[in-house]
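Single-letter residue listing:
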Amino acid sequence: MDKQTCNRCFHQEHIPTHQYVKFDDQVYYLCVECWEGFRRWFHWGQTETREKQLELF
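Described in the following lines is the structure provided in the data block.

About the criteria used
Sequence order sets the numbering: in each chain, residues are counted from 1 along the sequence as written. The predicted nature of this model means local features are confined to residues of pLDDT at least 70 and side-chain atom pairs, given and counted, to a pLDDT of 80 or more, with totals for whole chains, interfaces and linings taken over all residues. Computation of side-chain values covers all heavy atoms of the structure but excludes hydrogens and water. Counting from the N terminus, the helices are DSSP H or I runs at least four residues long and the strands are E runs at least two residues long. The classification of residues rests on relative accessible area computed with a 1.4 Å probe and restricted to protein chains. Under 20% of the type maximum is buried, over 50% is exposed, and intermediate values are partly exposed. We call two residues in contact when some of their heavy atoms are within 4.5 Å. Method for areas: the Shrake-Rupley scheme with a 1.4 Å probe, in which residue coverage is limited to the protein chains shown. As used in this record, nonpolar core signifies buried Ala, Val, Leu, Ile, Met, Phe, Trp, Tyr and Cys residues forming a set joined through side-chain atoms within 4.5 Å.

This brings us to the overall build of the protein chain. Each helix and strand counted, the protein chain has two helices and four strands in total. Each helix and strand of the protein chain, ordered N terminal to C terminal, gives the series β-β-β-β-α-α. Considering the protein chain as a whole, with its 57 residues, one finds that 16% of them fall into the buried category. The long-range fraction of contacts in the protein chain, counting pairs at least 24 apart against all pairs at least 6 apart in sequence, stands at 11%. Total accessible area on the protein chain stands at roughly 5,100 Å², and carbon and sulfur atoms take up 50% of it.

Here is the structure:
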């Protein structure tokens, strides 16, 4: 498998096809670490209460 470059942090790894974010008709592929950070932000937001809830997982 070829390695791709994360569009956020430029880390190189295999990036699955579902691991992307699309803004303004442009696709950004993300490494695992950036993808998980985006998912946390998307689902929980950035409030303190939600960050504390996230620690439970």
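In terms of nonpolar packing, the biggest core is built from six residues, these being Cys-6, Val-21, Leu-30, Cys-31, Cys-34 and Trp-35. Once you skip the residues sitting within four places of it in the chain, Cys-34 turns out to touch Cys-6, Arg-8 and Cys-9.

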